[in-house]
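Here is what each chain is made of, one letter per residue.
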Amino acid sequence: FPQVLWPRILTFVVPAEYTETLDHLFSIIRILLMAEERKKQSAKESTALVISTGAVKLPSPQQLLARLLVISVLASLGKLRGAGAIGLLRIMPEIIHPKLVDLWKTRLPELLQPLEGKNTSVALWETMLLQLLKETLWEISDVAWTIQLSRDFLQQMGSYSNISIEKKFLWKALGTTLACCQDTDFVSSQIKEFLIASNQLGDQRQGITSILGHCAENHLDIVLKVLKTFQNQEKFFVNRCKGIFSGKKSLTKTDLMVIYGAVALHAPKRELLTRLDEDILSQVLLLYNQCSQILGMSVMNKDMDLQMSFTRSITEISIAIQDAEDHTFQFSYKESLIGYMLDFIRAEPLDSLATPVRWKALIAIRYLSKLKPQLSLSDHLHILEENIRRLLPLPPLESLKNEGQTDKDKEHIKFLYERSMDALGKLLRTMMWDNVNAEDCLEMFSLLRMWLVSPKEWERERAFQIAAKVLTNDIEAPQNFKVGSLLGLLAPHCCDTLPSIRQAAVSSTIGLLCLKGIQPEVERLQGLQEGLQCDDVEMQIKISSKIAKIVCKFIPNEEIQMFLEETLDGLENLNPTCATACGIWMIIALKEQGMALEDQLLEVLNAIYRHMPVLRQKEESFQLMLEAISQIASFHMDAVVVNLLQKPLPFDRDTKTLWKALAENPASGGKLMRALVDKLETGLEEDVAGIEAISVACAIQEVVSWGTPITRLYPELFTLLLKLVSCTLGQKMPTSTFSLRRRVMPPGERQQIPDPCRLSTATLKCLQAQAMKEGLTKESDEGENLWTLLSSPGTHHIGVCALARSMAVWQHGIILDIMEQLLSSLTSSCETYRITGTAFFSELMKEPILWKHGNLRDVLILMDQSAWDSNAILRQMAIRGLGNTALGAPHKVKKHKQIILESVIRGLYHLARTEVVCESLKALQKILELLTDRDVSFYFKEIVLQTRTFFEDEQDDVRMTAILLFEHLASLTGRRWKIFFAEEIKKSLISFLLHLWDPNPKTGSACRDVLIICIPFLGLQELYGVLDHLLEQDPPRVKDFYRQFCMKLAKKNQEILWILHTHSYTFFNSSWEGIRSAAVKLTDSIILNLTSQYVELLDKEQLTTRLQALRQDPCISVQRAAEAALQTLLRRCKEINIPL
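Since this is a predicted model, take the numbers as computed values, not measurements.

J.: Explain the overall build of the protein to me, using residue names and the numbers behind them.
T.: Along the protein, the regular secondary structure elements total 58 helices and 0 strands. Relative to a compact globule of 1140 residues, whose C-alpha radius of gyration would be 32 Å, the protein shows 58 Å and is clearly more extended. Over its C-alpha atoms, taken along the principal directions, the protein stretches across nearly 200 × 65 × 50 Å. Counting across all 1140 residues of the protein, residues that qualify as buried make up 55%.

Structure below.
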């Protein structure tokens, strides 16, 4: 019964109307065949299909093979019908052909392995089935059998729909069968028939293209010959027009272009290249150009089809050339074909995505770019830029989809969008990594740069998706490809606004690490990547920091600079969150690899400086940048300091900010001050201040003004800054060192060139302000005027003295340190610095506690030497120091009185500089208070004589000091010098009396005191009462006082009165009106009280002449006094009958 049944059932396999029953039919046939097979083991009954019990027309072996092979393709989709068909073939090789038993027994199990338990790729499965078909036909090796099989394949064309997988495979199987056919005439006739009556194939383009393509695998010459003949014979335009109006379809030139591409794709590789230019590509171009020339009328709607067909053909030809693997082949049409593709892309609108032209053209360009000759870098860049500019600026995907009217349209637009972006990514990937030059690769990737930082989210998203495609999936980059800049560009976007961008950024980052062969951390990074799906910004920043800590360890040292420059650009240009991420990545990179930046430090710092003006407008980014500089400084403090010190003076706002940022960093603040102090010390080693030392001072001012503690460094820093102020006195700033940047100035004002000394003084002022806060010093008695005094060459020594007086004595440990470091100033080769040191020590000499703990003995010796110096200010300060020694160390004065006195007395002879004289007088006053008459006996006369010479000095301070010293000398006369001193008093009495009304009231008081002290030497104690009137609340007028004084003096000693008269003439010419008036009034009183004897001795003519002259004095008081004196003289002469 099975022997009869199963052959009958076979009759239902081939007809199309039974297709839906094939699942069951195949199962039944397989069961029956297997039962029949079992019977064969015990009986010798034949199972050949020719055995039949009735008039049943069984399908031929070729029909069965054709049907089952086509149905088998469904197995790749997991359909039972396909698996049944291939299973049936497995158990019936004898039915198909006896020669197939051994072949199929081996090959079919191998064929079925990929299907076990899962679906396989349709393309792979089709290839395997076609290979089985080829091997089957080779094994049978029967031309007639093969011809019949091809006819049976053709007969089944109507059994399947044009879009079905079975139909597509049927075309390929038919083409493969023809390729295996040895009858070339039959093959040629079949091809010609297909070309003429292509409508019998269903979809004529797909069908004829597939058939001729597979046929060309073994019959390239035949296919090309028939195509050429058909192309020459057919009048395409006429046929096309007929087809349009009649409803019949025939092959067009566009179809032929596609056929040529398929033929090239399947042609034998050894034959293709020799036939390519003349027989394939030239024909494609001819057809395309002919089609382009007729565009413009009724066929305009085919324009896109023309482009797509041409593009497909070129793509397949390019793939075929590449597969030929002939490295010597130069494709001469490469450049022009790429030009065609670019033209297609340019013609596409920038506001919609309705056609696949972009997508297909990109694919074609990708395959063309791989062929030789190699494109230049500029060509690569041009191609990529054109494509990027035509795709990335498209509207957002949702906007593009809204152009579709139906859901199907929208899905199609989405499909085209995804495919186009994928094609662009693959094109960039191909062009980049096929290049062996690392710099060229980076330059090509840089075409994405502007899109990666675009303000439009959708543009950034596209750029990052392309970047991820380019940088992932086991790429092989040139050996010296640098990832630093790309990491800096891409990685911070792991905090971007869209999850897709964040994911792509991390994927790209991972890809760059893998490119460098760094695999261990990939899984960890991928785990962190998953967390970036969240929209919590804080969480994104946190995850970004973790990623940065992993990645930054692996950035090559030589690429850190590029990485940092990219993150700086990001700080400047990206949205706030990404900018924050840039700052974090930059700081982490510096923490991880900052030590390795030594050789690149200058470039890194310069890059930071370039970004400062813009970053200042973005507070958070600016702070991150400052933190980065602090981080650099923690590794390379000296280098950072040196670099910043090269900035023009005065420092601009950005430079000041950098100094303060370094000062604010707890980790680097101490190092910074130490580095600056060392720099300043180095800059002043030769006691000469260069521009670098001034820059250091300005930097110290910025650091100290922030509030950096200075206690530990204060003595050293104070000494150095004081030295700098001293060494810059009177200097001008070199024009090459101050900033020439244009600044907005009020109308009529000029930009002032900075004064080095004022800059230095400002730093010292800042230091002292901080020192006062820390209790290291006190405010100066000069207040703010101190700094003006200090920075002026004429008053510098005065300012130094005031500064020294502000030193807090209770901090004697600090002062002792300052003294130790400043001691060298007293022997410096720089005269100004010697003056500074001498002035400073001159004030300290009066502090007993410093004498007790400090080594001022050496200072005293040096002071004594400087007291003989040719520089007047230096002598003045040295003499002051000697004088102040009397206050700080009286015992030293007594011990070294001779040396000290000689040095100080020497100053009294410096008549050209009253400052030295005045200082000597003051010093003598202090010193003589400690000495006895015996101590000074040797110098007494000299001191008295020199002191008297300054009673009439124009300087108030000198006159008063001289008078006070003379008063003190009265106590040191001893017995030896008493008479001498009395005589000197007589000579000086006129000065004391006249200067009672000195312009300086203090001098008047000093004269009164000295008169009181000196009168006893003259035995004129009776005059005390007159002098006492000067102390009264309502003191007598000048004239009244002199009359009382002279009246008392006349009674006691006419000689002294006469001496006063003889000395009074000198004062008639005094520059002070009050002294001239007092001298005339005193003369009046003297004349009035002289005895007749002395009146007769008067030089009346001279006196009259002088008084007459004084009557013309500008001062009315003098005029009146002169008139009164003349009247007194006239009256006295009359009284004693002496003619005038």
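J.: Mind laying out the domain arrangement of the protein, listing which residues take part and the relevant values?
T.: Examined at the domain level, the protein breaks down into domain 1 (337-424), domain 2 (437-635), domain 3 (647-734 + 754-776) and domain 4 (1020-1139). Each of domain 1 and domain 2 was reduced to a C-alpha centroid, and the two centroids are 28 Å apart. Three residues, L377, L381 and L392, lead the burial of domain 1 against domain 2; their summed loss comes to 38% of the area buried on that side. At the surface where domain 1 touches domain 2, the tally comes to 1 salt bridge. When residues of the side of domain 1 that touches domain 2 are traced back to their parent elements, those giving at least two are helix 19 (377-391) and helix 21 (407-433).

J.: Quick rundown of the layout of surface pockets? Include the residues and the values.
T.: If you add up the space inside the largest pocket, you get close to 950 Å³. What lines the largest pocket is a set of 34 residues, among which K168, Q206, R312, E316 and K360 lie closest to the centre. Per element, the largest residue contribution to the lining of the largest pocket is 8 residues, and it comes from helix 16 (residues 303-324). Along the lines of polarity and charge, the residues of the lining of the largest pocket split into 17 nonpolar, 9 polar and 8 charged.

J.: So what's going on with the confidence of the model for the protein? Which residues, and what values?
T.: Overall, the prediction assigns the protein a mean pLDDT of 86, with 92% of residues at 70 or greater. Ranking the elements of the protein by mean pLDDT puts helix 13 (residues 236-246) last, at 45, and helix 18 (residues 357-369) first, at 95. Counted against residues more than four places away or in other chains, residues 237-248, with its pLDDT under 50, gives 8 contacts. Counted against residues more than four places away or in other chains, residues 295-302, with its pLDDT under 50, gives 5 contacts.

J.: Outline helix 48 (residues 933-948), listing residues and values.
T.: Helical geometry: 3.6 residues make up each α-helical turn, so side chains three or four residues apart lie on a common side. Given a rise of 1.5 Å per residue, 16 residues ought to cover 22 Å, yet the end C-alpha atoms of helix 48 are separated by just 19 Å, more than 12% below that figure. When helix 48 is considered as a whole, its buried residues turn out to be V936, S937, Y939, F940, I943, V944, Q946 and T947. Lining the buried residues of helix 48 we find helix 46 (897-907), helix 47 (914-928), helix 49 (956-969) and helix 50 (978-994).

J.: Explain the packing of aromatic side chains residue by residue, including any values.
T.: Where two aromatic rings form a pair, the distance of their centres and the angle of their planes describe that pair. Applying the stated criterion to the full structure yields 28 aromatic pairs. Taking the centre distance of 6.4 Å and the plane angle of 25° together, the rings of F329 and F331 count as stacked. You'll find F329 and F331 in the same group, each marked buried. Ring centres of W997 and Y1042 lie 5.4 Å apart, and the angle between their planes is 70°; this geometry places the pair in the edge-to-face category. Here W997, found in the loop between helix 50 and helix 51 (1001-1018), pairs with Y1042, found in helix 53 (residues 1038-1052); they are 45 residues apart in sequence, far enough to count as distant. Note on Y1042: relative accessible area 0%, which makes it buried. Three or more aromatic residues joined by ring pairs make a cluster, and in this case those are F940, F951, F966, W977, F980, F981, F992 and F1017. Taking NZ or CZ as reference, K360 lies 4.0 Å from the ring centre of W359, over its face.

J.: How would you summarise a positive patch on the surface if you had to cite specific residues and measurements?
T.: Among the surface-exposed residues, K542, K546, K549 and K591 lie close enough to one another that they form a single positively charged patch. For the positive patch, the element with the highest residue contribution is helix 28 (residues 537-551), accounting for 3 residues. Among the structural elements, K542 can be located in helix 28.

J.: Talk me through the packing of helix 11 (residues 204-215) against helix 14 (residues 253-266); I want residue IDs and the actual numbers.
T.: Relative orientation of the contacting elements helix 11 and helix 14 amounts to 30°, with a least axis distance of 8 Å. Taken as axis vectors, helix 11 and helix 14 run roughly parallel relative to one another. For the element pair helix 11 and helix 14, the recorded crossing hand is right-handed. Contacts between helix 11 and helix 14 pair Q204, R205, I208, T209, L212, G213 and H214 from the former with T254, D255, V258, I259, A262, V263 and H266 from the latter. For the contact of helix 11 with helix 14, the residue count by class is 6 nonpolar, 6 polar and 2 charged.

J.: Break down the side chain of R107 for me, citing the residues and quoting the values.
T.: Counting through the fold element by element, R107 comes out in helix 6 (residues 100-112). Its relative accessible area of 18% is what places R107 among the buried residues. At 2.7 Å, the side chain of R107 forms a polar contact with the side chain of E135. Setting aside anything within four residues of it in sequence, one finds R107 in contact with Q131, L132 and E135.

J.: Help me get a handle on the pattern of salt bridges, residues and values and all.
T.: The final tally for this structure, using the stated rule, is 49 salt bridges. Between R389 and E386 there is a salt bridge whose closest N-O contact spans 3.2 Å. Remark: E386 and R389 occur in helix 19; sequence separation between them is 3 residues, near one turn of the helix. According to the relative accessible area criterion, E386 is buried, its value standing at 12%. In this structure, the salt-bridge partner of R1043 is D1084, at a minimum N-O distance of 3.8 Å. Residue R1043 is located in helix 53, and its partner D1084 is located in helix 55 (residues 1073-1089); the two are separated by 41 residues in the primary sequence. Residue class for R1043 comes out partly exposed when judged on its relative accessible area of 28%.

J.: Describe in detail unusual backbone geometry, supporting the description with residues and values.
T.: Note that the residue after K372, namely P373, is joined by a cis bond; omega there is 5°. Here P373 lies in the loop between helix 18 and helix 19. Of note in this structure, S141 is not a glycine but carries a positive phi near 55°. With respect to the element layout, S141 can be found in the loop between helix 7 (122-140) and helix 8 (143-155). On the basis of relative accessible area, S141 is assigned to the exposed category, the value being 61%. Positive phi values are uncommon outside glycine, yet D474 reaches one of about 55°.

J.: If you had to explain the environment of S829 to someone new, which residues and values would you point to?
T.: Along the chain, the position of S829 falls in the loop between helix 40 (812-822) and helix 41 (831-844). Owing to a relative accessible area of 67%, S829 belongs among the exposed residues under this scheme. In sequence terms S829 and I584 are 245 residues apart; their C-alpha atoms lie 53 Å from each other. For S829, the contacting residues outside a window of four places in its chain are D687 and R834.

J.: How would you sum up a negative patch on the surface? Please name residues and give values.
T.: A cluster of like negative charges, contributed by D407, D409, E411 and E418, occupies part of the molecular surface. Secondary-structure assignment places D409 in helix 21.

Each value, and the rule that gives it
Residues numbered from 1 in each chain as written. Predicted model: local features only at pLDDT ≥ 70, side-chain atom pairs only at ≥ 80, totals over all residues. Heavy atoms only, no water. Helix = DSSP H or I, 4+ residues; strand = E, 2+ residues; numbered from the N terminus. Rg over C-alpha atoms; globule rule 2.2 N^0.38 Å. Buried < 20%, exposed > 50% of the residue type's maximum accessible area, 1.4 Å probe, protein only. Domains from an automatic or database assignment. Buried area = accessible area lost by both parts, 1.4 Å probe. Salt bridge = Lys/Arg side-chain N within 4 Å of Asp/Glu carboxyl O. 1 Å grid on protein atoms, 1.4 Å probe; cavity = no way out; pocket = protein on both sides within 12 Å on 5 of 7 lines; lining within 4 Å. Points joined across faces, edges and corners; volume = space filled by probe spheres on them. Nonpolar A, V, L, I, M, F, W, Y, C, P; charged D, E, K, R; others polar. pLDDT = per-residue confidence, 0-100. Contact = heavy atoms within 4.5 Å. Expected span 1.5 Å × (residues − 1). Phe/Tyr/Trp six-rings, centres within 6.5 Å; stacked < 30°, edge-to-face > 60°. Lys NZ or Arg CZ within 6 Å of the ring centre and 35° of its normal. Patch = residues over 30% accessible without salt bridge, like charges linked within 9 Å, V, L, I, M, F, W, Y side chains within 5 Å. Areas by Shrake-Rupley, 256 points an atom, 1.4 Å probe, with all protein chains shown as cover. Lys, Arg positive; Asp, Glu negative; His and termini not counted. Charge placed at Lys NZ, Arg CZ, Asp CG, Glu CD. Axes fitted to C-alpha atoms, helices over the stretch in contact; angles between N-to-C directions. Parallel < 35°, antiparallel > 145°, perpendicular 65-115°, else oblique. Left-handed = near helix turned anticlockwise from the far one by under 90°. Polar contact = N/O pair within 3.5 Å; in protein donor to acceptor, adjacent residues only side chain to side chain.

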